[in-house]
Amino acid sequence: MKTKTTLAEFRSMNSVRKKRILRKNAWCWVFMLPTLILYILFQGYPIITSAWYSLLDWSGMTMNATFVGLGNFKELLQDPLFFNSVGNSFKYMVLSVPIQLILSLMIAYILTSIIKKGATVFRTMYFIPVVTTASIVGIIMIFIFGGTGPVNQVLSMLGIDTINFLGDAKTAMFTVVLIGVWKDLGTYMIYWIAALQSVPQDVYEAAKIDGAGKFRTFTDVVFPLILPIGGVITVLCVIGSLKVFDIVQTMTNGGPYFATDVVATFVYRTAYSSTTGSPRLGYASAAALMFGLMVVVIGIVLNLIKGYFNKKRNV
């Protein structure tokens, strides 16, 4: 015979459930606390201080700082070198992102669905450049693409005129993009491999039974399934390309004639380098903040586009 639950018993059960949920949430916050503290110290605090410095006319070398409000931002809007660096950052993004996404996806699919034997060795080989220090990569590539380097030696043997890859404004950006793509390819390959491994094995078997080849299986079956994850990878790739610094700084230092000068090298040169006269930490902070806001807007727009297509796809 069923007994009715009294109001007091119901409230008691509800109270126990609430306590259990609060206890679970509390443990979640305990485990998140170290990461949260590190983020505040190494991300949040620098962003706040950079925003404050952007309002100052300050070299960063003295105790004297003059509050100029939005003066640094007004000067930036009239600075051709800043807009040149912004243009080069977007140029690097436009050139590198499609190549990086397509190549890394192709390699990931080959290593998961076509080449099974020895795939781990190939994955390691493609991932080694990712864990190699960018400054070391830059120094090695300066030698390889230098005037007397191996690449130009091969061109001379073939009777082709040597090319000043890093010293010519027409070829410097393309050379940097090539090295940047090679350096980061392994990262996006791993992302794509994770996406491909999320596809159920039954899907591959069903496509095989229907007589679909490897290419048809990928284009008609696999790719539509991993497209939502592909949107996330695209956002990460775009934002990562806009933050390029170490490869450019090591290989060209923004030259020749500012042809490869991206926002990160512009900020570094303005804040710390003595080649432009007295360092201007406040002005550099304003440049970093303005470009950071641009990147945030781009990330939001890309996420909205991704969400729109995912919603349309699920309808």
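In case you missed it, the structure is sitting above this.
Here's a quick rundown of the structure. Not measured: the values here are computed from a predicted model. (Residues numbered from 1 in each chain as written. Predicted model: local features only at pLDDT ≥ 70, side-chain atom pairs only at ≥ 80, totals over all residues. Heavy atoms only, no water.)

So, on to the environment of Phe218. Relative to the helices and strands, Phe218 is located in helix 9 (residues 214–242). Take Phe218: its relative accessible area is 15%, and that puts it in the buried class. Distance in space between the C-alpha atoms of Phe218 and Tyr204 is 9.1 Å, their sequence separation being 14 residues. Contact partners of Phe218, with chain neighbours within four places excluded, come to Leu105, Tyr109, Phe223 and Pro224. (Helix = DSSP H or I, 4+ residues; strand = E, 2+ residues; numbered from the N terminus. Buried < 20%, exposed > 50% of the residue type's maximum accessible area, 1.4 Å probe, protein only. Contact = heavy atoms within 4.5 Å.)

We now examine the pattern of salt bridges. Under the defined criterion, the tally for this structure stands at three salt bridges. The salt bridge involving Glu75 is made with Arg280; its shortest N-O contact spans 3.0 Å. You can see Glu75 sitting in helix 2 (residues 71–76) and its partner Arg280 sitting in the loop between helix 11 (263–272) and helix 12 (281–314), a full 205 residues away along the chain. The residue Asp261 makes a salt bridge to Arg269 at a minimum N-O spacing of 2.9 Å. One exposure class covers both Asp261 and Arg269, and it is buried. (Salt bridge = Lys/Arg side-chain N within 4 Å of Asp/Glu carboxyl O.)

Attention now moves to a nonpolar patch on the surface. Together, Trp29, Met32, Leu33, Leu36, Ile37, Leu38, Tyr39, Ile40, Leu41, Phe42 and Ile47 give the surface a local cluster of nonpolar side chains, amounting to about 1,100 Å² of exposed area. Note that Leu41 resides in helix 1 (residues 7–53). (Patch = residues over 30% accessible without salt bridge, like charges linked within 9 Å, V, L, I, M, F, W, Y side chains within 5 Å. Areas by Shrake-Rupley, 256 points an atom, 1.4 Å probe, with all protein chains shown as cover.)

Further remarks concern the environment of Val295. The topology assignment puts Val295 in helix 12. A relative accessible area of 13% means that Val295 is categorised as buried.

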